[in-house]
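Structural overview for review
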Amino acid sequence: MSFDLLSEPIRKYIRDKGWEQLRPIQTASIAKILSTDDNYILASRTASGKTEAAFLPILSKVDFNETGVRVVYISPLIALINDQFYRIEELCKNLDVTVTKWHGEANKTLKDRLIKQPNGIVLITPESLEAMFVNKPFNVKQLFSNIKYVVIDEIHSFIGTDRGTQLKSLLSRLQNVNSKPFNIVGLSATIGDYNEAKKFTGNELKTKVLLDRTAKEINALFRYFKNKNEELPLKLLKDLYIETKDNKVLIFPNSRGRAEEVAVKLKKISDRVKGHSDYFSHHSSVDKEVREYVEYFAKNNNRQSFCISCTSTLELGIDIGTVDEIVQIDATHSITSLIQRVGRSGRKDRESSNLFLYATNEWSLLQSVACWLLYKEGFIEPPQTNEKPYDILLHQALSITKGHSGVRLTDLVKQLKENFAFNQVEVSEIEAILNHLIEIDFLEKLQHEVIIGVEGEKIVNSRDFYSVFKTEENFKVVNAGNTIGEIPFSPQIIEDENILLSAKIWKIKFVDHKSKKIEVIPAKDGKKPMFYGGGATIHSKIREKMLEILYSETGYDFLDQPSCDETETLRKDFSVFNVRILQSDRPLLTTEKHLQLFTFTGTRINRTIQLLLNIAGIKNTLDDSSSSFDIEVPKQELISKWNSLIQPLADIDSHITILLQANPALLDFSKWGRYLPENFQVKLIKDKYFDIEYTGQLLATMKLIENK
DNA sequence: GACCTGCTGCGGGCTG
């Protein structure tokens, strides 16, 4: 039995806790981690004891009397480190093991103490690890040359992202520092591609997946309130108020502005009918201290009802206590996100989760139903993969050069080539990127060595160097010396305008452009703040499911009457197309002055189709929410050009080059891509912004079905 | 029709 395999202090911990039995994922991981030297991915639903599943066996197995940090825990969030610190410290209470938090807001004295006496467990962020490699490479050696295990929490948040590539590179560099190779354990509730998760260990063959598919019972209820205005309909808000007033609730309205609108308006209704006043908003623009208060309030409040209107800030791992209900307003952009959000409620055993899904337009309703059905089928969208992350390679080249205070060019090429984050990138490509860095003075060549160049110094010595993601510039919002939050500057930010922030209404009194400050006073009425952002990227499988729903006759018991009626209306609208083969048949609506093509495919493919339509001179407008194009040429022209539409795919690089020269903002998704040679920028855009291969496959078989 | 994430080192001034 797994329990007997654990060391005595850990068995005592479990006995003291009074646990009747171990969770399935814990039983499995204890048996495997203690008996093998493999890497593991532990996949099991939210609140199923994954942290313990990793640490119970690791704490039993690792000898903490040896010098050096023995276990490194990596988290995507500071807040999660602070949360896990208490849990891990408690797990260690019968052992003599130091647990140290290491991130930008962690206590420096405790960090210095660890450097003097490296031991125990360190909880760290990827950016703090990066900073140590850049500024204090001797500390990396001092601390991290005797690691036995690395635990990566919420590993799905790294998969398929630039930050994930950076983390892989840092892990690869960490292995080089170690005297013996360490093992890796990754944790997540929502993994769409296990092979991509395995790549984080650098050794896919020696990585096993332990999976507990047990799902929690979820009661889903769909509500439909059609809306054409910018603000949410009052009927929806009233319905939402009644459903949530006597519960502990999280509401996810998909944007920061709308989160504020919901919090303020529900609070107003509650004030009017003398209900509770604990309505909050929680997102990146709300001041950190205010957010922490909201989290604390939710966690330490067992009886009172409350309502938090939030964005993805409350989507990941942070335990905010018991929540009875989750409300999603309009469709999530991914199934992963839906699962994570649902996982926030009913975190105790035997409690089922309640989920309300409100929709305000027909396409959002259809997308929401599609996500729900795919979730029920056990489908999670696979991450977007990028085999050639040239931009992150460029960043890591600068990081390595700075960390070594100069390095032989041949060694730098070798280190990058052997780094498992970049193993698909050719040596000739690495050399071309490095030569370009020398040309633009980011690197300087001294005989056989390279050091950081004049232009590179500015970049490498900046506080912004350690992360691979971009951030917007914000104005601080202050009322009588208290910081309410930070919002990006927009035309709305002028004196005497009213804005919503932190679930309250404010009047702008003074805007200080120099110190980027907005002075506000309380007000009675206002508008939601404006935020800029790119569009969502929807996976093609969700769109395909939407098409399938339209051509199915199945009724769904989770829909309310208006949702049911709207679904039937959509089905009736699409019954004029004789769509038979769902993979390839696509509706083409032709009326006298209008031509509309429904592609029912993912965002990146729609972008690629739009590029091809533009190349062919077919004027069009893309609406990604309905996955459709308004075509502004006569039908005959579209039909005659249709078969040759995919021809430019053979020579797509030159077309993207022209597009990039006309519109440099195309590369805005990449923080470091702007320093790449142009042909590498084009390759990056081709891989990440468009989807050339899938578009080719789809268009080769796509059949346009006109209405009867 | 988007959301989120993190951050060094040094020196000056203040507190206990």
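Residues numbered from 1 in each chain as written. Chains lettered and ligands numbered in written order. Predicted model: local features only at pLDDT ≥ 70, side-chain atom pairs only at ≥ 80, totals over all residues. Heavy atoms only, no water.

Time to look at the protein's contact with DNA strand B. Neighbouring DNA strand B are 36 residues, the closest being I78, S128, H333, R463 and S625. Put simply, 53% of the atoms of DNA strand B that lie within 4 Å of the protein are in sugar or phosphate. Between DNA strand B and E127 there is a distance of 3.4 Å, counted from a sugar or linking oxygen to a side-chain nitrogen or oxygen. Between DNA strand B and S625 there is a distance of 3.3 Å, counted from a base oxygen to a backbone nitrogen or oxygen. It is helix α7 (residues 126–135) that contributes the most residues to the surface near DNA strand B, four residues altogether. (Near = heavy atom within 4 Å. Polar contact = N/O pair within 3.5 Å; in protein donor to acceptor, adjacent residues only side chain to side chain. Helix = DSSP H or I, 4+ residues; strand = E, 2+ residues; numbered from the N terminus.)

Glancing now at helix α3 (residues 24–35). Taking 1.5 Å per residue as the helical rise, α3 with its 12 residues ought to reach 16 Å, and the 17 Å between its terminal C-alpha atoms agrees with that figure. Listing the buried residues of α3 in full gives I25, Q26, S29, I30 and I33. Angular distribution of buried residues about the axis of α3 spans 125°; they occupy a single face of the element. Across from the buried face of α3, at angles greater than 90 degrees, the exposed residues are P24 and S35. Against the buried residues of α3 lie α1 (2–5), β1 (39–44), α4 (50–61), β5 (149–152), β6 (183–188) and β7 (207–212). (Expected span 1.5 Å × (residues − 1). Buried < 20%, exposed > 50% of the residue type's maximum accessible area, 1.4 Å probe, protein only. Arc of directions from axis to C-beta. Contact = heavy atoms within 4.5 Å.)

Along its sequence, chain A is carved into domain 1 (2–211), domain 2 (217–377), domain 3 (390–466), domain 4 (474–522) and domain 5 (576–706). Here domain 2 and domain 3 have C-alpha centroids that lie 45 Å from each other. (Domains from an automatic or database assignment.)

Positionally, K248 belongs in strand β9 (residues 248–252). Buried within the structure, K248 lacks any salt-bridge partner; D324 is the closest side chain of opposite charge, at an N-O distance of 4.4 Å. Discounting residues that sit within four places of it in the chain, K248 has contacts with N301, N302, R303, Q304, S305, F306, T322, V323, D324 and E325. (Lys, Arg positive; Asp, Glu negative; His and termini not counted. Salt bridge = Lys/Arg side-chain N within 4 Å of Asp/Glu carboxyl O.)

In regular strands, side chains alternate between the two faces of the sheet. Burial along strand β23 (residues 595–598) is two-sided: L595 and L597 and Q596 and F598, pointing in opposite directions, are all buried. In this structure, strand β22 (residues 585–590) lies alongside β23, joined through three bridges in antiparallel fashion. What sits directly across from L588, in β23, is L597. The loop that links β22 with its antiparallel partner β23 comprises four residues. (Pairing = 2+ DSSP bridges.)

This next bit is on the side chain of T695. Its location among the elements puts T695 in helix α26 (residues 692–701). Within the structure, the side chain of T695 is placed 2.5 Å from the backbone oxygen of D691, a separation counted as a polar contact. With near-sequence residues (within four places) excluded, T695 lies in contact with I605, T608, I609 and L612.

Moving on to the sheet that holds strand β4 (residues 121–124). Strand order in the open sheet formed by seven strands is β3-β4-β2-β5-β6-β1-β7, with parallel pairing between adjacent strands. A single partner strand is all that each edge strand has here, and the edge strands are β3 (99–102) and β7. Averaged over all adjacent pairs, the angle separating strand axes in this sheet is 15°, with direction ignored. Relative to β7, β1 is paired through six bridges, and the arrangement is parallel. Bridging across to β7, N39 finds its partner in T207. Packed on one face of the sheet, α4 meets β1, β2 (71–74), β4, β5 and β6 and runs near 160° to β6. (Axes fitted to C-alpha atoms, helices over the stretch in contact; angles between N-to-C directions.)

This paragraph deals with the nonpolar core. In summary, soluble globular proteins display a tendency toward joint burial of nonpolar side chains. Core analysis: the largest hydrophobic core is formed by 65 residues, its most contacted members being L398, L416, L434, I631 and L638. When residues in this core are grouped by element, the largest group, seven residues, is from helix α16 (residues 390–404). Counting contributing residues per domain, this core is built from domain 3 (390–466) and domain 5 (576–706), each supplying no fewer than three. By size, the runner-up hydrophobic cluster in this structure holds 53 residues, among which are I218, L355, L547 and F600. (Core = buried A, V, L, I, M, F, W, Y, C linked by side-chain atoms within 4.5 Å.)

The next thing to look at is the pattern of salt bridges. This model, assessed by the stated rule, comprises 41 salt bridges. E105 serves as the salt-bridge partner of K288, at 3.1 Å between the closest nitrogen and oxygen. Here the residue K288 occupies a position in helix α13 (residues 288–299), and E105 occupies one in the loop between β3 and α6 (108–116), the gap between them amounting to 183 residues. Judged by relative accessible area, K288 falls into the partly exposed class, the value being 42%. Since its relative accessible area comes to 47%, E105 is described here as partly exposed. A salt bridge links K265 to E231; the nearest nitrogen and oxygen atoms lie 2.6 Å apart. Of the two residues, K265 sits in helix α12 (residues 256–272) while E231 sits in the loop between β8 (218–224) and α11 (234–244), which places them 34 residues apart along the sequence. Judged by relative accessible area, which is 42%, E231 ranks as partly exposed. One continuous salt-bridge network, built from bridges that share partners, spans E231, R258, E261 and K265.

Our focus in this paragraph is the packing of α16 against helix α18 (residues 427–439). One can describe the packing of α16 onto α18 by two numbers: an axis separation of 11 Å at closest approach and a directional angle of 60°. When the axes of α16 and α18 are compared, the pair comes out oblique. Judged by the twist between their axes, the crossing of α16 over α18 is right-handed. On the side of α16, the interface is formed by Y390, L393, L394, A397 and L398, while α18 contributes E429, I430, I433, L434 and L437. Residues of the contact of α16 with α18, tallied by class, amount to nine nonpolar, no polar and one charged. (Parallel < 35°, antiparallel > 145°, perpendicular 65-115°, else oblique. Left-handed = near helix turned anticlockwise from the far one by under 90°. Nonpolar A, V, L, I, M, F, W, Y, C, P; charged D, E, K, R; others polar.)

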